[in-house]
Amino acid sequence: GAVVSQHPSWVICKSGTSVKIECRSLDFQATTMFWYRQFPKQSLMLMATSNEGSKATYEQGVEKDKFLINHASLTLSTLTVTSAHPEDSSFYICSARGQPDLFLHFGNGTRLTVT
Amino acid sequence: GQSLEQPSEVTAVEGAIVQINCTYQTSGFYGLSWYQQHDGGAPTFLSYNGLDGLEETGRFSSFLSRSDSYGYLLLQELQMKDSASYFCAVSKGDTGRRALTFGSGTRLQVQP
């Protein structure tokens, strides 16, 4: 299995509000999921590793209190951007390693615009 | 840590062949992956090389030389729809099951 679904595909929110993004593995179980962020014309930057049943591991420079990650089941991880600001506007993409190929597969991404 | 270098842009014409190079530095090597990303879309997996040599998948091939820390993606019979960004990537961390670290990407423009 290798299908990763992400929702919503785009969202516009006002500054100061929170936004939740869902990432689901549809045809396989993912004990680990990865959250990336991509600014226009730039590469994908890893934000955090989401671990089912335990705390997420954040990359250096990523605020864990701002980007809340919850991996409550083997098929669902959520990223909540709290108190969003315009500089948080970006393309957020989740991913997971498929089974049995173990290659990294991506959801369709969520384009967040904070006004 | 990991670092990858690839050209920022490549331009080619329809029907031609183009090669996108990637050099990497990483502690602990678990293969080189290639992804395609169209504007506004998510990355899609293209190819993976765990061992030296050439892997072929239709019009796309990927090559790896571990001794040179070098690989390339070869696209043949270019089509307009191949216009996209292409990223090489290596596994982050001490196993092959971790996240990937991506290169800066090569923007391919296919012209008629």
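Since the structure is predicted, the reported quantities are computational estimates derived from the model, not experimental observations. Residue indices begin from 1 for each chain and proceed along its sequence in written order. Working convention: letters from A go to chains and numbers from 1 go to ligands, in the order in which they are written. Reporting of local features is limited, given that this is a predicted model, to residues whose pLDDT is at least 70; pairs of side-chain atoms are given and counted only at 80 or more, and all residues count toward the totals for whole chains, interfaces and linings. As a convention, hydrogens and water are excluded, and side-chain values are obtained from all of the structure's heavy atoms.

K.L.:
Can you lay out the side chain of A:Ser95 for me, pointing to particular residues and giving the numbers?
P.N.:
All names here are of chain A. Residue placement: Ser95 occurs in strand 9 (residues 90-97). Working definition: with a 1.4 Å probe on protein chains only, accessible area under 20% of the residue-type maximum means buried, over 50% means exposed, and in between means partly exposed. On the accessibility criterion, Ser95 (0% relative accessible area) is buried. Any two residues having at least one pair of non-hydrogen atoms within 4.5 Å are treated as being in contact. Apart from residues lying up to four places away in sequence, Ser95 is in contact with Met33, Phe34, Tyr36, Leu104, His105 and Phe106. Elements are defined by DSSP. Helices are runs of H or I of four residues or more, strands are runs of E of two residues or more, and each kind is numbered from the N terminus.

K.L.:
Tell me about the layout of surface pockets, residues and numbers included.
P.N.:
Here a cavity is any set of points on a 1 Å grid over the protein atoms alone where a 1.4 Å probe fits but cannot get out, and a pocket is any open set with protein on both sides within 12 Å along at least 5 of 7 lines; a residue lines the site when it has an atom within 4 Å of a point. Grid points are joined across faces, edges and corners, and a volume is the space filled by probe spheres set on the points. Estimated volume of the largest pocket: approximately 450 Å³. For the largest pocket, the lining is made up of 24 residues, of which A:Gln38, A:Pro40, A:Lys41, A:Gln42 and B:Arg107 are closest to its centre. Per-element accounting of the lining of the largest pocket gives the leading share, three residues, to strand 11 (residues 110-114) of chain A. Grouping the constituent residues of the lining of the largest pocket by class yields five nonpolar, 14 polar and five charged. Its boundaries defined by the atoms lining it, the second largest pocket holds a volume of some 240 Å³. Together, 15 residues line the second largest pocket, and A:Leu44, A:Met45, A:Leu46, A:Glu59 and B:Lys92 are the ones closest to its centre. Elements with a minimum of two residues in the lining of the second largest pocket: strand 5 (45-51) of chain A together with strand 10 (100-102) of chain B. Under this grouping Gly is polar, as are all residues other than the nonpolar Ala, Val, Leu, Ile, Met, Phe, Trp, Tyr, Cys and Pro and the charged Asp, Glu, Lys and Arg. Among the residues forming the lining of the second largest pocket, the class breakdown is seven nonpolar, five polar and three charged.

K.L.:
Residue-level account of the pattern of salt bridges, with values.
P.N.:
A pair can form between side chains of opposite charge whenever their charged atoms are brought close. Residues and elements named next belong to chain B. The salt bridge criterion pairs a side-chain nitrogen of Lys or Arg with a carboxyl oxygen of Asp or Glu, the two atoms within 4 Å. Scanning the model with the defined rule gives five salt bridges over all chains in all. One salt bridge connects Asp39 with Arg107, and the closest N-O pair in it is separated by 2.7 Å. Here Asp39, found in the loop between strand 4 (32-37) and strand 5 (44-49), pairs with Arg107, found in strand 11 (residues 106-111); they are 68 residues apart in sequence, far enough to count as distant. Of the residues examined, Asp39 reaches a relative accessible area of 58% and is grouped as exposed.

K.L.:
Tell me about the interface of chain A and chain B, and please be specific about residues and values.
P.N.:
Of the residues lining the interface, 19 residues belong to chain A; the matching set on chain B comes to 19 residues. For the pair chain A and chain B, the summed buried surface comes to about 1,500 Å²; carbon and sulfur atoms form 62% of the total. Taken together, the connections running from chain A to chain B amount to zero salt bridges. Polar contact criterion, stated in full: a pair of N or O atoms within 3.5 Å, where within protein one must be able to donate a hydrogen and the other to accept it, and residues adjacent in sequence count only if both atoms are side-chain atoms. Summed over the shared surface of chain A and chain B, the result is four residue pairs in polar contact (both at pLDDT 80 or more). Elements with a contribution of two residues or more to the side of chain A that touches chain B: strand 4 (32-38), strand 9 and strand 10 (104-106) of chain A. Tallied by class, residues from the side of chain A that touches chain B come to 10 nonpolar, six polar and three charged. As used here, buried area is the combined drop in accessible area, with a 1.4 Å probe, of two parts when they are placed together.

K.L.:
Residues and numbers for the packing of aromatic side chains, please.
P.N.:
Aromatic pairs are defined between Phe, Tyr and Trp rings, using the six-membered ring for Trp, whenever the two ring centres lie within 6.5 Å; interplanar angles under 30 degrees are classed as stacked, those over 60 as edge-to-face, and all others as tilted. Summed over the entire model, instances satisfying the criterion amount to 13 aromatic pairs over all chains. For the ring pair B:Tyr35 and B:Phe45, a centre distance of 5.7 Å and an interplane angle of 70° mean the geometry is edge-to-face. Note that B:Tyr35 is positioned in strand 4 and B:Phe45 in strand 5, a separation of 10 residues in sequence. A relative accessible area of 0% places B:Tyr35 in the buried class. Put simply, the rings of A:Tyr36, A:Phe103, A:Phe106, B:Tyr35, B:Phe45, B:Tyr48, B:Phe87 and B:Phe102 pair up and form one aromatic cluster. Positioned above the aromatic ring of A:Phe67 is the side chain of A:Lys66, whose terminal nitrogen or guanidinium carbon lies 6.0 Å from the ring centre. When the ring centre of A:Phe91 is taken as origin, the NZ or CZ atom of A:Arg111, which lies over that ring, is 4.4 Å away. By definition here, charges over rings are those cases where NZ of Lys or CZ of Arg is within 6 Å of the ring centre and within 35 degrees of the ring normal.

K.L.:
How would you summarise the sheet that holds strand 1 (residues 4-7) of chain A if you had to cite specific residues and measurements?
P.N.:
Residues and elements named next belong to chain A. Strands are labelled as partners when DSSP assigns at least two bridges between them. The antiparallel open sheet is built from four strands, whose spatial order is 1-3-8-7. Lying at the two open borders of the sheet, with one neighbouring strand each, are strand 1 and strand 7 (67-73). Between one strand axis and the next, the sheet turns by 15° as a mean value, whatever way the strands run. Across four bridges, the pairing between strand 1 and strand 3 (residues 19-25) is antiparallel. Bridge assignment links Ser5 to a residue of strand 3, and that residue is Arg24. Here, axes are lines fitted to C-alpha atoms. For helices the fit covers the stretch in contact, and angles between N-to-C directions go from 0 to 180 degrees.

Limitation: the analysis is restricted to geometry and does not speak to function.
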